[in-house]
Amino acid sequence: MSRTEAPPLPEPLRVPVADSHTHLDMQDGTVEEGLARAAAVNVTTVIQVGCDVKGSRWAAETAAAHPSVYAAVALHPNEAPRIVHGDPDNWSRQGAREGGGTAALHEALAEIDALAALDHVRGVGETGLDRFRTGPEGMAAQEESFRAHIEIAKRHSKALVIHDRDAHADVLRILADAGAPERTVFHCYSGDADMARVCADAGYFMSFAGNMTFKNAQPLRDALAVAPMELVLVETDAPFLTPAPYRGRPNAPYLIPVTLRAMAAVRGVDEDTLASAIADNTARAFDY
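I will try to describe carefully the structure that is included in this document. All residue numbers here refer to positions counted from 1 along the written sequence of the relevant chain. Confidence filtering applies because this is a predicted model: local features only for residues at pLDDT of at least 70, side-chain atom pairs given and counted only at 80 or more, and all residues used for totals across whole chains, interfaces and linings. The side-chain values count all of the structure's non-hydrogen atoms but skip hydrogen atoms and water molecules.

## What about the packing of aromatic side chains?
Phase 1: By convention, a stacked pair of Phe, Tyr or Trp rings (six-membered ring in the case of Trp) has centres within 6.5 Å and planes under 30 degrees apart, an edge-to-face pair has planes over 60 apart, and any other such pair is tilted. Using the criterion set out here, one finds three aromatic pairs in the structure.
Phase 2: Aromatic pair Tyr 70 and Tyr 288: ring centres 4.7 Å apart, planes at 20°, arrangement stacked. Taken as a pair, Tyr 70 in strand 3 (residues 69-73) and Tyr 288 in the segment after helix 10 (271-285) lie far apart in primary sequence, 218 residues in all.
Phase 3: Consider the rings of Phe 186 and Tyr 204, whose centres lie 5.8 Å apart with planes at 35°: the pair is tilted. With Phe 186 in strand 8 (residues 184-186) and Tyr 204 in the loop between helix 7 (193-202) and strand 9 (205-208), this residue pair connects regions lying 18 residues apart in the sequence.
Phase 4: Residue classification places Phe 186 among the buried residues on the basis of a relative accessible area of 1%.
Phase 5: Burial classes: relative accessible area under 20% of the type maximum marks a residue as buried, over 50% as exposed, and values in between as partly exposed (1.4 Å probe, protein chains only). Classification of Tyr 204 by relative accessible area gives buried; the value is 8%.
Phase 6: Over the ring of Phe 214 we find Arg 247; its NZ or CZ atom is 3.7 Å from the centre of that ring. Starting at the N terminus, helices and strands are each numbered in turn, a helix being any DSSP run of H or I of at least four residues and a strand any DSSP run of E of at least two. By definition, being over a ring means that NZ of Lys or CZ of Arg is both within 6 Å of the ring centre and within 35 degrees of the ring normal.

Below, the structure written as structure tokens:
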């Protein structure tokens, strides 16, 4: 089987659910094709997530054009340091560019703020901290951007969508310090069971992706087992994190049933029960 070949459509879910985090702009085929495949397996809503100004504009336009799509807009945690310091040697593989300093960051944040005011934009994210791709020299820009996004989410009463990579303690510290928005979502939840209890106490949603199916992901399954049912979401983060047995092949919203069934097995509940809860939770998290 080719690593580039799309996995087959899974058996449809009986209860319609939402993909709480996807990147349609990075997937093969048209938006219409992607949404049709998703609808064919009863994934009837997707949250399209922006990672920079251009992608956030695209997310907002796509949500405006498709009733089954809502947008989240933001500067990704690794985008903020690139705006400030530049990327002259293209380490990010996003294209070489010059740094624009904090003035350029504030200009980009003002554009995100304007997009966040739109009705079909229901989230501010993905924002947060990433210690994996950004070193110490970029942390100040990353934290300034994160705090600004928290304020934008609160100002517009939108969900905050968090990217947390190798930065659990600092993300939780900043949320507590700045005051988290009423609805906060940990996208591609990556903590353990202890952190899941902390998130549950704070009322944060935890969105699980296809990596919870990976052999080495027992800490994620342990976290899922203790997360309150009313705070659990499911996502693809497509085209990334394709669930087993299709790991390494292209991901897309239509593969949500594969991850959801694996989650139901971990929770010891039937898939309809979990799908109903997730459908309600996603609508509550993103206020649609």
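## So, the pattern of salt bridges
Phase 1: Salt bridges are defined as contacts in which a side-chain nitrogen from Lys or Arg sits within 4 Å of a carboxyl oxygen from Asp or Glu. Using the criterion set out here, one finds 13 salt bridges in the structure.
Phase 2: Residue Glu 143 pairs with Arg 147 through a salt bridge whose shortest N-O separation is 3.1 Å. Here Glu 143 pairs with Arg 147, and both are found in helix 5 (residues 139-156), just four residues apart, close to one helical turn.
Phase 3: Residue classification places Glu 143 among the partly exposed positions, given a relative accessible area of 23%.

## Observations regarding the pairing of strand 3
Phase 1: Burial analysis of strand 3 places five of its five residues in the buried class, which makes it a mostly covered element.
Phase 2: Residues Val 69, Ala 71 and Val 73 point to one face of strand 3 and Tyr 70 and Ala 72 to the other, with burial holding for every one of them.
Phase 3: The pairing criterion is simple: DSSP has to find at least two bridges between the two strands. Inspection of the sheet shows strand 2 (residues 43-49) paired to strand 3 by four bridges, in the parallel sense. Bridge pairing in strand 3 places Ile 47 opposite Tyr 70.
Phase 4: Sheet topology note: the strand 3/strand 6 (residues 121-130) ladder contains three bridges and is parallel. Its bridge partner being in strand 6, Val 73 is matched across the sheet by Val 124.

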